[in-house]
Number of protein chains: 4
Amino acid sequence: MGNTARVRERRSGKPKAARAGDAKRLPKAVIKAPAKKRSRPHKVAPAERKQAILNAALTVFAERGFEAARLDDVAARAGVAKGTLYLYFKDKEALFEELLRGAVSPILARVTALAETPDMPFAQTLDLLYGFFQKEVLATDRKLLLRLVLTEGPRFPRIAEAHYRNVVSRMLPLIQKIAQRAADRGELASDAVVRFPQLVAEPIITTIIWDALFSKIKPLDVPGFLRAHRDMLIAKPRGQS
Amino acid sequence: MGNTARVRERRSGKPKAARAGDAKRLPKAVIKAPAKKRSRPHKVAPAERKQAILNAALTVFAERGFEAARLDDVAARAGVAKGTLYLYFKDKEALFEELLRGAVSPILARVTALAETPDMPFAQTLDLLYGFFQKEVLATDRKLLLRLVLTEGPRFPRIAEAHYRNVVSRMLPLIQKIAQRAADRGELASDAVVRFPQLVAEPIITTIIWDALFSKIKPLDVPGFLRAHRDMLIAKPRGQS
Amino acid sequence: MGNTARVRERRSGKPKAARAGDAKRLPKAVIKAPAKKRSRPHKVAPAERKQAILNAALTVFAERGFEAARLDDVAARAGVAKGTLYLYFKDKEALFEELLRGAVSPILARVTALAETPDMPFAQTLDLLYGFFQKEVLATDRKLLLRLVLTEGPRFPRIAEAHYRNVVSRMLPLIQKIAQRAADRGELASDAVVRFPQLVAEPIITTIIWDALFSKIKPLDVPGFLRAHRDMLIAKPRGQS
Amino acid sequence: MGNTARVRERRSGKPKAARAGDAKRLPKAVIKAPAKKRSRPHKVAPAERKQAILNAALTVFAERGFEAARLDDVAARAGVAKGTLYLYFKDKEALFEELLRGAVSPILARVTALAETPDMPFAQTLDLLYGFFQKEVLATDRKLLLRLVLTEGPRFPRIAEAHYRNVVSRMLPLIQKIAQRAADRGELASDAVVRFPQLVAEPIITTIIWDALFSKIKPLDVPGFLRAHRDMLIAKPRGQS
DNA sequence: GATGAATGAGGATTCATTCAT
DNA sequence: AATGAATGAATCCTCATTCAT
């Protein structure tokens with residue numbers, strides 16, 4: 001009866017060209033499978049492979065958002081089969097969460113370091129901080145991670161929570177400490193920043209959002225903006241000169 | 001009409017993960033049709049009906065984001081049949097865009113008014129502006145609109161563009177004008193705000209984002225925060241006391 | 001930008017010809033979509049439509065078992081779109097359970113009726129019962145339902161339970177009552193059937209199983225078999241003559 | 001070998017419904033790999049290994065049925081790698097068929113032996129037979145084998161056929177012979193059992209099915225039931241006392 | 001205009017099978 | 001021989017959209 005002869009019709013060739021031609025959303029770009037198809041690409045370190053998937057996922061999720069992202073595209077970009085994703089991640093959501101886990105932790109490390117340098121003038125601390133943000137976040141893929149946290153966070157309480165726990169709740173006290181020290185040294189006449197360390201983080205959020213929404217239309221002079229914000233932060237309040 | 005020839009533009013289904021009742025995301029909420037089904041929708045003005053749809057859409061889109069939002073839910077919430085949506089909007093995307101069109105225009109009007117009031121001290125202008133934001137945006141559904149602009153904007157260039165055109169590009173020059181006047185009056189020692197009127201808008205963005213992500217975890221003292229930011233804006237730069 | 005022009009590649013024509021050519025399992029037959037495709041078959045009473053789906057489901061489930069059955073095939077056989085199934089049934093399992101609900105209830109009605117006819121000789125009661133089984137179950141699609149209960153029951157505790165509750169637990173006492181009456185009239189010398197009314201149901205199970213497994217190889221003379229079983233049931237035990 | 005050209009025979013995935021942990025079906029159980037993973041499978045005789053696989057397969061197939069059974073689970077239970085299964089069995093189906101081959105042959109041997117013992121009273125022969133069934137089938141894993149034959153047989157004509165050839169077609173003539181001898185000795189007043197030796201096998205089928213479906217709900221007094229059936233078999237027909 | 005049943009393309013996920021090691 | 005990571009076809013289910021009433 002020929003077991004091997006049992007063959008069934010297939011269709012195989014799958015339209016992967018992610019809806020190019022759509023003019024309203026996501027104008028151009030959009031995922032392009034590198035088409036590198038080693039028929040059995042054994043001997044790739046699993047960690048590398050996982051990283052490849054995460055990299056691909058970052059691109060795809062950033063481009064389309066969680067819901068619209070297609071794991072097909074992630075797999076294609078990562079150069080693996082669809083099923084392979086599930087060897088490394090339980091499901092789409094787990095992939096997404098792992099992707100965002102530790103999104104901005106490097107910044108945290110830097111801020112911690114700054115908090116350990118008590119004698120630095122506040123202005124300089126801010127310059128270092130914002131400089132670091134520009135070089136290590138804005139200029140890299142981490143920008144996309146942070147953007148995803150901000151844009152998908154409302155729909156993923158767990159991710160928002162994790163971000164709060166891992167980043168925000170640790171960063172703010174550090175900033176507070178730095179600000180307090182500056183205030184103690186007389187560098188700040190008001191405790192506004194001490195009470196609201198978020199004032200230091202504001203331009204980071206603003207920059208990420210502006211970049212995501214308007215950079216194509218009207219790029220922001222980010223260094224200038226950050227400098228301007230810094231100047232505000234270190235200013236003396238009116239009437240206290 | 002030839003069934004096989006029917007081609008439709010879509011983008012996709014919905015991942016299993018987002019089902020209602022899922023405890024990890026979107027805790028409860030889940031849209032609940034008011035089920036008010038007068039068997040005769042007697043004399044409902046089309047404009048009213050359209051508004052009902054838009055209201056429903058705002059809730060649903062805000063709750064789930066564009067992709068995950070179900071028109072079924074919108075229709076149910078609006079108390080109309082699903083097909084009815086298509087009498088008022090070409091498709092899901094058109095509904096979404098119309099929803100966001102003019103998202104925050106009321107603020108614009110207010111800022112315009114402020115710009116016409118040349119003699120007001122800058123501090124007071126800011127208080128009025130931020131107060132208006134709190135009462136007319138943060139405390140209302142418009143908060144959701146603005147949130148949607150910020151979170152979905154990256155995936156909807158047209159919406160970002162419209163928002164830039166309708167709101168941002170009009171607001172910033174007004175602020176600039178106000179700031180310039182304040183500077184001219186010697187109220188500001190630096191032209192930072194004149195060069196970067198975004199500095200005035202920063203706390204609005206920050207507040208919207210914080211509200212969307214962390215309000216459940218750690219509510220922000222919004223009035224205090226806005227006052228602190230205001231104080232910064234009107235501060236004298238260091239060394240100029 | 002021409003919304004209507006947004007068209008994307010498709011593949012459409014789907015291989016529906018369910019694995020014909022498979023020689024080891026399910027030799028021949030196998031689902032054949034009637035291909036009647038009214039492009040919008042409105043105006044079919046919903047009850048009718050549901051019944052069409054249930055009928056199709058019966059065939060497909062009986063042919064392949066629950067797990068291997070494809071809802072694609074059910075839909076094709078029912079002449080509806082895949083999505084339509086979900087208008088009538090929550091999911092595959094719900095369809096399956098509803099299909100089996102009340103599988104053999106008509107028999108129950110008949111047995112009840114027989115139990116209300118006290119004066120009938122036991123032999124005649126059995127003839128009526130088995131005759132009814134032959135005509136109303138074995139010769140109809142209900143045979144497949146009963147077969148499904150027996151073959152899928154072990155994997156579907158809920159279905160087994162429902163069958164026990166709805167059919168078995170009601171039938172056995174009725175048989176018991178009938179048997180008791182027969183015993184009281186001296187028609188039976190032993191209380192074996194009274195204690196084990198299952199003895200009456202045995203040939204029904206045996207017949208269904210034989211039919212499912214061996215009818216192609218060696219058909220069973222069902223009427224003869226049932227008569228033989230009946231003779232056994234009404235016999236006098238040894239040594240009590 | 002050309003990835004795109006690779007065509008494989010399969011039949012399908014697995015519906016969401018049947019996931020482990022699902023409370024509605026297959027209450028708990030869910031296969032649990034003993035996780036004994038000697039890093040060196042030192043000297044395990046291939047025959048032993050094969051038997052381990054078959055044992056594991058029996059459990060898994062019995063628990064979920066052929067389609068829903070996962071080779072992953074079989075491998076885990078057998079303590080081998082998934083690929084190893086394919087060293088011993090061509091594919092899932094071959095494993096299943098080998099598993100069921102000779103399912104109940106031990107009984108056959110016993111019946112043969114009984115058929116060679118001409119002088120035993122029929123009642124005693126039945127007691128031995130049913131006793132053997134209880135001890136060697138019902139109380140052991142062979143129960144699961146027989147259950148699988150009955151429940152999967154309808155979908156596996158080859159298995160049904162093999163079972164008929166190997167077991168049924170050999171057993172029935174033996175029973176017939178025994179029954180004939182009993183009849184010749186005047187132990188039976190009718191030739192019903194001679195014409196339908198299935199009457200002897202009935203309670204075996206009934207018992208297996210009852211056990212599979214209802215044992216949790218309402219356990220059957222198997223010994224009593226078998227004795228009752230035996231009494232029926234050796235009874236004198238009415239009117240011949 | 002309104003309706004809502006019907007549609008069917010699309011995507012997440014599973015799992016038998018392969019094959020480089 | 002044994003392994004188990006990788007593959008990708010297959011299937012369930014969803015939901016935007018249509019259109020007969």
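All values derive from a computational prediction rather than experimental measurement. (Residues numbered from 1 in each chain as written. Chains lettered and ligands numbered in written order. Predicted model: local features only at pLDDT ≥ 70, side-chain atom pairs only at ≥ 80, totals over all residues. Heavy atoms only, no water.)

Regarding the overall build of chain A
Turning to step 1, where the next piece is worked out: Helix and strand content of chain A: 11 helices and zero strands.
Turning to step 2, where the next piece is worked out: Taken from N to C terminus, the helices and strands of chain A fall in the order α-α-α-α-α-α-α-α-α-α-α.
Turning to step 3, where the next piece is worked out: In chain A, buried positions account for 53% of the 241 residues.
Turning to step 4, where the next piece is worked out: Counting contacts in chain A only where the partners sit at least 6 residues apart, residues at least 24 apart contribute 74% of the total.
Turning to step 5, where the next piece is worked out: Total accessible area computed for chain A in this model is approximately 11,000 Å², and 54% of it derives from carbon and sulfur atoms. (Helix = DSSP H or I, 4+ residues; strand = E, 2+ residues; numbered from the N terminus. Buried < 20%, exposed > 50% of the residue type's maximum accessible area, 1.4 Å probe, protein only. Contact = heavy atoms within 4.5 Å. Areas by Shrake-Rupley, 256 points an atom, 1.4 Å probe, with all protein chains shown as cover.)

Things to note about the interface of chain B and chain A
Turning to step 1, where the next piece is worked out: Across the contact, 69 residues belong to chain B and 64 residues belong to chain A.
Turning to step 2, where the next piece is worked out: Interface of chain B and chain A: buried area, both sides summed, is about 5,900 Å²; carbon and sulfur atoms make up 66% of it.
Turning to step 3, where the next piece is worked out: Taken together, chain B and chain A are joined by two salt bridges.
Turning to step 4, where the next piece is worked out: B:Arg155 is the partner of A:Glu152 in a salt bridge, and the nearest nitrogen-oxygen pair spans 2.7 Å.
Turning to step 5, where the next piece is worked out: Those elements giving two or more residues to the side of chain B that touches chain A turn out to be helix 1 (46-68), helix 4 (92-100), helix 7 (142-152), helix 8 (157-184), helix 10 (198-214) and helix 11 (222-233) of chain B.
Turning to step 6, where the next piece is worked out: At 11 residues, helix 10 of chain B tops the list of elements feeding residues into the side of chain B that touches chain A.
Turning to step 7, where the next piece is worked out: The residue makeup of the side of chain B that touches chain A, split by class, is 38 nonpolar, 10 polar and 21 charged. (Buried area = accessible area lost by both parts, 1.4 Å probe. Salt bridge = Lys/Arg side-chain N within 4 Å of Asp/Glu carboxyl O. Nonpolar A, V, L, I, M, F, W, Y, C, P; charged D, E, K, R; others polar.)

Topic: helix 1 (residues 46-68) of chain A
Turning to step 1, where the next piece is worked out: With 23 residues, helix 1 of chain A should cover 33 Å at 1.5 Å per step; its first-to-last C-alpha distance of 27 Å lies more than 12% under that length.
Turning to step 2, where the next piece is worked out: A:Ala62 marks where helix 1 of chain A bends most, by close to 80°. (Expected span 1.5 Å × (residues − 1). Bend = angle between axes of the 7 residues up to and from the residue.)

A look at the packing of aromatic side chains
Turning to step 1, where the next piece is worked out: Counted according to the given criterion, the structure contains 36 aromatic pairs over all chains.
Turning to step 2, where the next piece is worked out: Ring geometry for C:Phe66 and C:Phe96: centres 5.0 Å apart, planes at 45°, overall tilted. Of this pair, C:Phe66 sits in helix 1 (residues 46-68) while C:Phe96 sits in helix 4 (residues 92-100), and the two are 30 residues apart along the sequence.
Turning to step 3, where the next piece is worked out: You can call C:Phe66 buried: its relative accessible area is 0%.
Turning to step 4, where the next piece is worked out: Each residue in the set A:Phe61, A:Phe66, A:Phe96 and A:Phe156 is aromatic and connected to the rest through ring pairs, giving one cluster.
Turning to step 5, where the next piece is worked out: Seen from the ring of A:Phe66, A:Lys92 lies directly overhead, with NZ or CZ sitting 4.8 Å from the centre. (Phe/Tyr/Trp six-rings, centres within 6.5 Å; stacked < 30°, edge-to-face > 60°. Lys NZ or Arg CZ within 6 Å of the ring centre and 35° of its normal.)

Focus on the relation of the copies chain B and chain A
Turning to step 1, where the next piece is worked out: Structural alignment of chain B on chain A gives an RMSD of 0.1 Å, achieved by rotating through 179° and translating 0.0 Å along the axis. Such a turn and shift between the copies fits a two-fold axis.
Turning to step 2, where the next piece is worked out: Counting the interface residues of chain B, we find that 90% of their copies in chain A are interface residues as well, pointing to one common contact surface. (Least-squares fit on C-alpha atoms with pLDDT ≥ 70 in both.)

Quick word on the environment of D:Leu138
All names here are of chain D.
Turning to step 1, where the next piece is worked out: The topology assignment puts Leu138 in helix 6 (residues 122-138).
Turning to step 2, where the next piece is worked out: Expressed as a C-alpha distance, the spacing of Leu138 and Ile208, which sit 70 residues apart in the sequence, is 7.6 Å.
Turning to step 3, where the next piece is worked out: In this structure Leu138 touches Phe133, Lys143, Thr207, Ile208 and Val222, once residues within four positions along its chain are discounted.

Quick look at the domain arrangement of chain A
Residues and elements named next belong to chain A.
Turning to step 1, where the next piece is worked out: Taken as a whole, chain A is organised into domain 1 (44-89) and domain 2 (100-233).
Turning to step 2, where the next piece is worked out: If you average the C-alpha positions of domain 1 and of domain 2, the two centres end up 29 Å apart.
Turning to step 3, where the next piece is worked out: In this complex, domain 1 contributes five residues to the contact, which on the side of domain 2 involves seven residues.
Turning to step 4, where the next piece is worked out: Roughly 520 Å² of surface becomes buried between domain 1 and domain 2 when both sides are summed, with 81% attributable to carbon and sulfur atoms.
Turning to step 5, where the next piece is worked out: Considering only the surface of domain 1 that becomes buried against domain 2, Leu58, Ala62 and Phe66 emerge as the three largest contributors, covering 81% of it.
Turning to step 6, where the next piece is worked out: Between domain 1 and domain 2 we count zero salt bridges in total. (Domains from an automatic or database assignment.)

Quick word on the pattern of salt bridges
Residue and element names in this part refer to chain B.
Turning to step 1, where the next piece is worked out: With the rule as written, the count across this model stands at 52 salt bridges over all chains.
Turning to step 2, where the next piece is worked out: Residue Arg70 pairs with Asp73 through a salt bridge whose shortest N-O separation is 3.0 Å.
Turning to step 3, where the next piece is worked out: For Arg70, a relative accessible area of 24% translates into the label partly exposed.
Turning to step 4, where the next piece is worked out: A relative accessible area of 12% means that Asp73 is categorised as buried.

Comments concerning the confidence of the model for chain A
Residues and elements named next belong to chain A.
Turning to step 1, where the next piece is worked out: The share of residues in chain A with pLDDT of 70 or more is 80%, and the mean pLDDT across the chain is 83.
Turning to step 2, where the next piece is worked out: Below pLDDT 50 for its whole length, residues 1-23 participates in 47 contacts with residues either more than four positions away or in separate chains.
Turning to step 3, where the next piece is worked out: Between residues 27-39, whose pLDDT stays under 50, and residues either more than four places distant or in other chains, the model counts 20 contacts. (pLDDT = per-residue confidence, 0-100.)

Focus on the environment of A:Met232
Turning to step 1, where the next piece is worked out: Along the chain, the position of A:Met232 falls in helix 11 (residues 222-234).
Turning to step 2, where the next piece is worked out: For A:Met232, a relative accessible area of 6% corresponds to the buried category.
Turning to step 3, where the next piece is worked out: For A:Met232, the residues in contact, after removing those within four places along its chain, are B:Leu199, B:Glu202, B:His229, B:Met232 and B:Leu233.

Details of the packing of helix 1 of chain A against helix 2 (residues 71-78) of chain A
Residues and elements named next belong to chain A.
Turning to step 1, where the next piece is worked out: Following both chains from N to C, one finds helix 1 and helix 2 inclined at 130°, their axes separated by 8 Å at the closest point. Compared by their axis directions, helix 1 and helix 2 come out oblique. The element helix 1 and its partner helix 2 pack so that their crossing is right-handed. Here helix 1 contributes Ala52, Ile53, Ala56, Ala57, Thr59 and Val60 to the contact with helix 2, which in turn contributes Asp73, Val74, Arg77 and Ala78.
Turning to step 2, where the next piece is worked out: Broken down by class, the residue content of the contact of helix 1 with helix 2 amounts to seven nonpolar, one polar and two charged. (Axes fitted to C-alpha atoms, helices over the stretch in contact; angles between N-to-C directions. Parallel < 35°, antiparallel > 145°, perpendicular 65-115°, else oblique. Left-handed = near helix turned anticlockwise from the far one by under 90°.)

A few points about helix 4 (residues 92-100) of chain A
Residues and elements named next belong to chain A.
Turning to step 1, where the next piece is worked out: Most of helix 4 sits inside the fold, with seven of its nine residues counted as buried.
Turning to step 2, where the next piece is worked out: Here helix 4 has its buried residues at Lys92, Glu93, Leu95, Phe96, Glu97, Leu99 and Leu100.
Turning to step 3, where the next piece is worked out: Looking at the buried residues of helix 4, the elements they touch are helix 1, helix 2, helix 7 (142-152) and helix 8 (157-184).
Turning to step 4, where the next piece is worked out: One or two steps after helix 4, the chain reaches Gly102, where phi turns positive at roughly 70°.

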